[in-house]
Amino acid sequence: MTAASQTRRNPILTALLSTLVPGLGQGIVKRWYRGVAILLATLVVAGMVIWYGKPVWYFAPVGMWLWNIWDAFSLAGGRARTILIPVAFGLAAAYGIGWQVVGVNFAAADMNRALAVARPMAHPDMFEVKTETNETWTPIKIPCPATSSSPSSVREDNGRVATVSPSCGAPMDTLKISVSGMWPNTNTQIWWRTAISDPLLLGGTNGDKMLVLKTDSSGSLTTSIHVPISVLIAQPDKTLSLEHQVRFTQSRPTGGIAISYNGGFVLKGMLETIAMALMATVLAIFVAVPISFLAARNLMGGNPITFGIYVVVRTLLNILRSVEALLFAIVFVVITGLGPFAGVLALMVHSIAALAKLYSEVIEGIDPGPIEAIKATGANWVQVARYGVIPQIIPPFTSFTIYRWDINVRTATVIGMVGGGGIGFYLIQWIQLNDFRAVSAAFIAIAIVVIILDFLSAKVRERLV
Amino acid sequence: MLRVQNLTKVYPNGTQALKNVSFEVKDGEFLVVIGLSGSGKSTLLRCINRLIDPTEGKIYWDDQDVTAASPAELLRIRRNIGMVFQQFNLVKRSSVMTNVLSGRLGYANPWLSLLGIWSPADRERALKALGRVGIADKANSRADALSGGQQQRVGIARALMQEPRIVLADEPVASLDPVLSHSILQYLEQLNKEGITVLCSLHFLDLVHRYATRVIALKDGLLVFEGLPDEINRAKFKEIYGEEAQEVRAASFEAPV
């Protein structure tokens, strides 16, 4: 509404009307858009404040209401007041309430907890120094058998002799152990392996630490240990004498670097992620190409039936595209079970929608000129398609497809977290196990792969378009 | 000889682009079509090789009825009619060579052409055509890497590949600057002197006077003038282009000697 078309009224009456119903006064002077906007804005802000229920925020709708009365009063005299004031009130309420709703609390960021995560993450578990181990053991019976046993248990293997005496015992008994023929002057881990192969620690006051002692120059060591108190826990018949082991383990670096245990899973997961994205993209192409022709307005706009198909296809694509691949993954995991295939299906559905839309836009953007020119040479319709249409759509199709693959690799890393396979599948487990060194390795691997793919896809697309 | 009889074109949206147009083009003529934008020049040229199907009327090409030709006959007729466009209509992402070779599609083996395989004779012919328009060295460039004038020369080379007896040129120089306009029209003039009939739509009267052997004029789809270029005097000009029109006569349009 322009100022010229508005009617002049009694300012007091107009202001009074706006006092009763915000915007009514503005409406009376024929500024209907303004009036409706004021009414809706005031109602929305008031609703927001009432819903949040903190009286302090009532200043915002009240402020807007007061401004509206002033505005109505001025408008009756032919002069509008700046809308910056109610906008500022509305924004202040929206932002202030939003701040409190999401619980912004910088104090919650605990430094110690942050360090507990950051320290291991500074040492990603990707590579390790190659080591060789030297291990021997000797048996011990727990509890002592009914028939008498030998005073000590001696076991020899490849020149290494391990001895424990007595050769049987009960929890908390003191045992004398010794070993010889090991590597000299080397730290040796001494630990207990139960009859069911559980490792138990022997160091510290309660067996809560690994017992580590150094061998002497001849490769021997002697010490005494207590039989771990929990040694019988997993033994159903506490009177049955079973054979446990006292083990001596040495390790030393041999030089060279190898991929660590978790590093192997990082590589496997990364490979799986890239393959998932590739499979999903390629499968999506086959579906998206035919659909894209149905979603191209220049091809389908001709008559009401095809235009109807176009509208339906476009709408479906928009709906599919608005649902994140992650959510599809949750659904497909239920259908196909955990694993990369669920992730592939999820990525595929989302990619079909995205690619079909991009492809259809390429088709809509085809230059009809060359097609006309090729027709004019006397070419048949297949030749027209081959020389007039294909050269125009193949490069952008390829470019969009590579870009989609690139996006899919990034999405696939997250999809694993809901069970869709790939590196995310391992990542979520490491996060739950607090293994932040492995998490760090996975982060780095994802970053490297995404950066490389990003770079390559940009380079390839540059050449295509 | 090309004969157009009572040609009428009504588009589906109701626009009457051509109204009962009749004229003849004799072999070896350089016939220029003039008229305002929207007067039906493009529609007329496109009806001749039936890129647009006329609503009524007949077109005879050497006594063969083009308007009644079967699809197979139409392809055969089209390959003898070269066409040059205002926007050049090259496939921008393809090489110049491919663009020129595509002019040969009407003659080539359909299967091999789909695979992009061309006979050495056709390649030879394409290089010769590019040589005639002076850009043989650009054969392997991408079409959109060329300047406007060069692109139109590729367009002419493409038409030459058809070994045409007539060339339809739809405002071939409207997208080019005056100097390039002359260079392109001189190529068409050269072809015309070699015996190829040219039917060309143009905007600028200077160019009409310089190149046309005969002129027809369209106004709102009606044929309003047919005669020699010299017959277009001031009064005729006003009649064709309307009372408001002012003739643009840039010094740079003076024909080079």
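Residues numbered from 1 in each chain as written. Chains lettered and ligands numbered in written order. Predicted model: local features only at pLDDT ≥ 70, side-chain atom pairs only at ≥ 80, totals over all residues.

**Quick notes on the overall build of chain A**
Threshold: A run of H or I in DSSP becomes a helix once it reaches four residues, and a run of E becomes a strand once it reaches two; helices and strands are each numbered from the N terminus. Three classes are used. A residue is buried when 20 or more other C-beta atoms lie within 10 Å of its own, exposed when 12 or fewer do, and partly exposed in between, with C-beta atoms placed from the backbone. In this description, a residue-residue contact is defined by the distance between C-beta atoms placed from the backbone, which must lie within 7 Å.
When you go through chain A residue by residue, the secondary structure sums to 15 helices and 9 strands. Relative to its full complement of 465 residues, chain A shows a buried share of 35%. A sequence separation of at least 24 residues applies to 67% of the contacts in chain A between residues at least 6 apart.

**Thoughts on the overall build of chain B**
Each helix and strand in chain B was counted, giving 9 helices and 10 strands. Looking at chain B residue by residue over its 257 residues, the buried ones come to 44%. Here the analysis covers contacts within chain B between residues at least 6 apart in sequence; of these, 69% occur between residues at least 24 apart.

**A look at the interface of chain B and chain A**
For an interface, size is often stated in terms of accessible area lost upon the parts coming together. As a reminder, the rule being used: When residue character is reported, Ala, Val, Leu, Ile, Met, Phe, Trp, Tyr, Cys and Pro are called nonpolar, Asp, Glu, Lys and Arg charged, and the others, Gly included, polar.
Listed per partner, the contact involves 22 residues of chain B and 19 residues of chain A. Contributions of two or more residues to the side of chain B that touches chain A are made by helix H2 (71-78) and helix H4 (110-114) of chain B. Looking at the side of chain B that touches chain A residue by residue, the classes come out as 9 nonpolar, 9 polar and 4 charged.

**Some points on helix H10 (residues 325-336) of chain A**
Residue and element names in this part refer to chain A. For the record, the criterion: To estimate the expected span of a helix, count its residues, drop one, and scale the result by 1.5 Å. Picture the helix axis, draw a direction to every C-beta atom, and the arc is the one those directions span.
Compared with the 16 Å implied by 1.5 Å per residue over 12 residues, the 15 Å span of H10 between its first and last C-alpha is a close match. Where H10 is concerned, the buried positions are Ala325, Phe328, Ala329, Phe332 and Val333. Down the axis of H10, the smallest arc covering the buried residues is 145°, so these residues share one side. Those residues of H10 that are exposed and aimed more than 90 degrees away from the buried face are Leu327 and Val334. Where H10 is buried, its residues contact helix H11 (340-364) and helix H13 (381-415). Two residues or fewer after H10 comes Gly337, characterised by a positive phi angle close to 90°.

**Description of the pairing of strand E10 (residues 222-227) of chain B**
Residue and element names in this part refer to chain B. For the record, the criterion: Between any two strands, at least two bridges found by DSSP are needed for them to pair.
In this structure, strand E9 (residues 214-219) lies alongside E10, joined through 5 bridges in antiparallel fashion. By the bridge assignment, Ala217 is partnered in E10 with Phe225. Counted along the chain from E9 to the antiparallel partner E10, the turn is 2 residues long, and its residue Asp220 has a positive phi close to 50°.

**Looking at the sheet that holds strand E4 (residues 174-180) of chain A**
Residues and elements named next belong to chain A. Operational definition: Here an angle of 0 to 180 degrees is reported between the N-to-C directions of two axes, which are lines fitted to C-alpha atoms, with helices fitted over the stretch in contact.
The sheet built from 4 strands is open, its strands ordered E2-E3-E4-E8 with antiparallel pairing. The outermost strands of the open sheet, each flanked by one partner alone, are strand E2 (153-157) and strand E8 (221-226). Pairs of neighbouring strands in the sheet enclose a mean axial angle of 15°, with direction left out of account. Pairing between strand E3 (residues 160-165) and E4: 5 bridges, direction antiparallel. Paired with Ala162 across the two strands is Val179, which belongs to E4.

**Re unusual backbone geometry**
Backbone torsion omega between Ile142 of chain A and Pro143 of chain A reads -20°, so that peptide bond is classified as cis. Looking at where Pro143 of chain A falls in the secondary structure, it is placed in the loop between strand E1 (127-142) and E2. One non-glycine residue with positive phi stands out, namely Asn158 of chain A, at about 55°. Locating Asn158 of chain A in the fold gives a position in the loop between E2 and E3. Its identity as a non-glycine residue notwithstanding, Arg50 of chain B has a phi of 55°, on the positive side. Its place among the elements puts Arg50 of chain B in the loop between helix H1 (41-48) and strand E4 (56-61). A residue is classified by how many C-beta atoms lie within 10 Å of it, and Arg50 of chain B, with 18 of them, is partly exposed.

**Quick word on the sheet that holds strand E2 (residues 16-25) of chain B**
Residue and element names in this part refer to chain B. Judged by pairing direction, the sheet is antiparallel, and its 4 strands sit side by side in the order E2-E1-E4-E5 without closing on themselves. Every interior strand has two partners, whereas the edge strands, E2 and strand E5 (64-65), have only one. Bridging between strand E1 (residues 2-10) and E4 involves 5 bridges; their strand directions are antiparallel. Residue pairing for E4: Gln5 is matched across the bridge by Lys58.

**Section: the packing of helix H7 (residues 261-294) of chain A against helix H14 (residues 423-432) of chain A**
Residue and element names in this part refer to chain A. As a reminder of what qualifies: Angular relationships are summarised with four words: roughly parallel below 35 degrees, roughly antiparallel beyond 145, roughly perpendicular across 65 to 115, and oblique for the angles in between.
Interaxial distance between H7 and H14 falls to 7 Å at its minimum, and their mutual angle equals 140°. When the axes of H7 and H14 are compared, the pair comes out oblique. Contacts between H7 and H14 involve Phe265, Val266, Gly269, Met270 and Thr273 on the former and, on the latter, Ile423, Phe425 and Tyr426. A per-class count over the contact of H7 with H14 returns 6 nonpolar, 2 polar and no charged.

**Considerations on the pairing of E1 of chain B**
Two faces belong to every sheet, and in a regular strand the side chains alternate between them. Residue and element names in this part refer to chain B. With 6 bridges connecting them, E1 and E2 associate as antiparallel partners. Residue Val4 lies in a different strand from E2, and its bridge partner there is Phe23. In this antiparallel pair of consecutive strands, E1 and E2, the connection spans 5 residues, and Gly14 shows a positive phi of 100°.

**Concerning the packing of H14 of chain A against helix H15 (residues 436-464) of chain A**
Axis angle and axis distance: for two packed helices, these are the angle between their axes and the distance between the axes, and together they describe the pair. Residue and element names in this part refer to chain A. Heads up, the rule is: Crossings are sorted by hand: turned counterclockwise from the far helix by less than a right angle, the near helix makes the crossing left-handed, and turned clockwise it makes it right-handed.
H15 packs onto H14 with a crossing angle of 150° between their chain directions and a minimal axis gap of 9 Å. Classified by the angle their axes make, H14 and H15 are roughly antiparallel. Here H14 and H15 pass one another in a crossing that is left-handed. For the pair H14 and H15, the contacting residues are Ile423, Tyr426, Leu427, Trp430 and Ile431 in the first and Ala438, Val439, Ala442, Ala445 and Ile446 in the second.

**Remarks on the confidence of the model for chain B**
Residues and elements named next belong to chain B. Quick note on the threshold: Summary of the metric used: pLDDT quantifies the predictor's per-residue confidence within the range 0 to 100.
With 95% of its residues at a pLDDT of at least 70, chain B reaches an overall mean of 90. The least confident element of chain B is helix H9 (residues 234-241), whose mean pLDDT is 79; the most confident is strand E6 (residues 81-84), at 96. Every residue in residues 250-257 is under pLDDT 50, and counting partners more than four places away or in other chains gives 10 contacts. Model confidence for the complex is summarised by a pTM of 0.68, with the ipTM given as 0.91.

**Points about the environment of Thr67 of chain B**
All names here are of chain B. For Thr67, the position within the fold is in the loop between E5 and H2. In the structure, Thr67 is positioned 17 residues away from Arg50 in sequence and 7.5 Å away in space, judged by C-alpha atoms. Thr67 has contacts with Pro54, Lys58 and Ile59, leaving out every residue within four places of it along the chain.

**A word on the environment of Arg76 of chain B**
Mapped onto the elements of the fold, Arg76 of chain B is located in helix H2. When the C-alpha positions of Arg76 of chain B and Tyr107 of chain B are compared, they lie 8.8 Å apart, and in sequence the two are 31 residues distant.

**Section: the nonpolar core**
For clarity, the cut-off: One nonpolar core equals one set of buried Ala, Val, Leu, Ile, Met, Phe, Trp, Tyr and Cys residues connected by C-beta atoms within 7 Å.
With 81 residues, the main nonpolar core has Val32, Val100, Ala157, Val167, Leu168, Leu188 and Val198 of chain B as its most contacted residues. Dropping the residues within four chain positions of it, Val32 of chain B is found in contact with Cys200, Leu202, Val208, Tyr211, Ala212 and Val215 of chain B. Counting residues in hydrophobic clusters, the runner-up holds 40 residues, among them Ile285, Ala296, Leu347 and Ile352 of chain A.

**A closer look at helix H4 (residues 59-76) of chain A**
Residues and elements named next belong to chain A. An ideal rise of 1.5 Å per residue puts 26 Å on 18 residues; H4 measures up with 26 Å between its terminal C-alpha atoms. Three or more residues of H4 are buried, namely Ala60, Pro61, Met64, Trp67, Asn68, Asp71, Ala72, Phe73, Leu75 and Ala76. Against helix H1 (11-20), helix H2 (24-28), helix H3 (32-52) and helix H5 (84-101) lie the buried residues of H4. Taken from the residues just after H4, Gly78 is the one with a positive phi, measuring 95°.

**Re the environment of Pro396 of chain A**
Along the chain, the position of Pro396 of chain A falls in helix H13. The spacing of Pro396 of chain A and Tyr359 of chain A is 37 residues in sequence and 8.0 Å in space, taken between C-alpha atoms.

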